[in-house]
Amino acid sequence: MFTDAHVWEGTARRLTAAGAQVRAVTLAGPGRPRAGDGPEPDAGAHAEGEAEADLETHIEEVCAAIDAVTGAPGGTGGPGIVLVGHDYGVHPVLGAADRRAERVARIVCVDAGLPQDGVPPLAAVPDQSVRALPAEEAAAGTTAGALPPPGREEWTRWGSTEGVSEEALDRLTARAAPQPLGTLLRPLRLSGAAAAVPTTGVLCTANGVGIDMVQRLVDLGDPALRALTGPGVTFFELPTGHWPMLSCPEDLAGVLLRAAAGEGHRLTPPGASGTPAHLHPFPLPVPELPRERRGNVDYYFPRPGGTKGIEGAEGAERVDGPRPAVVFVHGGPVPAGAEPSPRDWPVLAGHARYAAGQGAVGVTVEHRLHDVADYPRAAGDVAAAVDLVRADPRVDGDRIALWFFSGGGPLLADWLAKPPAWLRCLAAAYPVLAPLPNWGMSADSRFHPVRALADAGHAPPPLVLLRVGLESPEIAATVSGFLAAAGEREAEVRVVDVPHGHHGGGPGDPEEEWRGAVREAVRAVLDRLDA
């Protein structure tokens, strides 16, 4: 979006030097120069169509570029075109590949998802606040007009600018052009012909997504992602931000050449390479306790006349009456309808049962975080569940701890900003503690625990943080930022490390490290509940 062929100049030069033929296509829009026949755009000409251009216009332009190389439709030109689409560009690329499938050797998606039939490009816009303007236009039946380009300091709303030089960012801003609204609002229509075309995804890890994360999403069972495990689908990673053609054009050129040769990492179908991380057994022994289900909340109560103390301890103190509760909140986003559902994942139910075995009420909450845009809805689900738990006469409503996992970490922000008196502890396991770059959240997002902690006008509740040593750099940076803010606030933080653990754990992680860390983290939470 907002760009023309100039962004590809550095990559195109390197591909040409390696012997490839290259065409950089500028798509129609107000103020955009038309691309020439070579890798450099012709800045003296301008594309037609102005703000009235729509997705169909752009698909036709990519089809025309294919025809210019291989001949008119129905001709004898064989497959040999590698279509490369970055961000929005993957929509016209996929639309053109659907119409010229016999001429396309491979589709390459550079830091972009794989669009689905019937879904408009607006759904892939990362900045959730930006979605509102075109959505209002669509509701009014208007597709004319254009979305203004970002200012110099606004590009991060569209993705990480890591690795982009100041000079390149200045040029990107100076040459940015409005994006016609029609290109965002018109649904992409696919016949299915492109489904057989080999595809490669180039993931820019500094923008928040790597191969391991995509594999985890596939393992969750989202039907829309099953195609990513096909034999013709490969992946590469680049350790850079959202604009690799500006930040590392030589590396990107190398990856594109390897993709054209069919190289790259291949994902495995769910369960094909062993038990997925989220279904790996809970590392500690837990009591067989009945589950009591109420709506989106599962309760695990200690046995009547149970004990307070460390697991297996003899002669521990007998505890009766209302018990404190630990509410465990899963991460995400998790596809709607995932099976098994999060409340039945061993890690979530295991933590709740283990806490119940230690004398507290273990509670799991299932919320509707299916997309990064769903955090407000998920926060409401969690708040309502906590109210339900506190109202139960078997629960001591003045002694509650909340424990968040992974992508549920941003939900901590509300409880840090306005902690109620009954909230005795906040805990998080391998959490995301600030929005990742590709989430498109605005700078003042409500779901930003680092800022919520830094800006709170009061002391936060005691914090327990389970941290893994082999976390992805992007998530680890959010944890480091959170701990720095906690240090400035002189907050009480207990950090429990799994030095050789990965995000979410898994079969290859050291079991003894996980056992000790989970035992220590749960004990730290229960101590703050006096449980």
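What you see is a predicted model; the values in this text were computed from it and never measured.

Rules used in this analysis
- Residues numbered from 1 in each chain as written.
- Predicted model: local features only at pLDDT ≥ 70, side-chain atom pairs only at ≥ 80, totals over all residues.
- Heavy atoms only, no water.
- Helix = DSSP H or I, 4+ residues; strand = E, 2+ residues; numbered from the N terminus.
- Buried < 20%, exposed > 50% of the residue type's maximum accessible area, 1.4 Å probe, protein only.
- Pairing = 2+ DSSP bridges.
- Right-handed = clockwise from strand over helix to strand, strands pointing away.
- Salt bridge = Lys/Arg side-chain N within 4 Å of Asp/Glu carboxyl O.
- Axes fitted to C-alpha atoms, helices over the stretch in contact; angles between N-to-C directions.
- Contact = heavy atoms within 4.5 Å.

Participant: Tell me what's going on with the environment of E488, and back it up with residues and numbers.
Facilitator: Assignment of secondary structure puts E488 in helix 14 (residues 473–489). Residue E488 is classed as exposed on the basis of its relative accessible area, which comes to 69%. Distance in space between the C-alpha atoms of E488 and A454 is 7.8 Å, their sequence separation being 34 residues.

Participant: Can you tell me about the pairing of strand 15 (residues 395–405), naming the residues and giving the values?
Facilitator: For strand 15, the tally of buried residues reaches nine of 11 residues, placing the bulk of the element in the interior. Bridge count between strand 13 (residues 323–329) and strand 15: six bridges; the pairing is parallel. Along strand 15, the bridge assignment pairs V327 with L402. Relative to strand 16 (residues 423–429), strand 15 runs parallel, the two being bridged by six bridges. Considered in strand 16, the bridge of A401 is made with C425. Read from strand 15 through helix 12 (residues 412–417) to strand 16, the crossover connection turns out right-handed.

Participant: Let's hear about the pattern of salt bridges: which residues, and what values?
Facilitator: This model, assessed by the stated rule, comprises 33 salt bridges. Across the salt bridge formed by R343 and E366, the nearest N and O atoms sit 3.3 Å from each other. Highlighted residues: R343 in the loop between strand 13 and helix 10 (346–357) and E366 in the loop between strand 14 (361–365) and helix 11 (375–391), separated in sequence by 23 residues. A relative accessible area of 8% places R343 in the buried class. Notably, a salt bridge pairs E511 with R515, separated by 2.8 Å at the nearest N-O pair.

Participant: An account of the sheet that holds strand 16 is needed here, citing residue identities and associated values.
Facilitator: Spatially, eight strands are ordered 9-10-14-13-15-16-17-18 in an open sheet, and the strand pairing comes out mixed. Unpaired on one side and paired on the other, strand 9 (292–294) and strand 18 (493–498) mark the two borders of the sheet. Shown here is a sheet whose adjacent strand axes are inclined to one another by a mean of 20°, direction ignored. Contacts from helix 14 reach strand 17 (463–468) and strand 18 within the one sheet, and its direction differs from that of strand 17 by about 150°. Lying over the sheet, helix 15 (residues 511–528) contacts strand 13, strand 15, strand 16, strand 17 and strand 18, oriented at roughly 165° with respect to strand 18.

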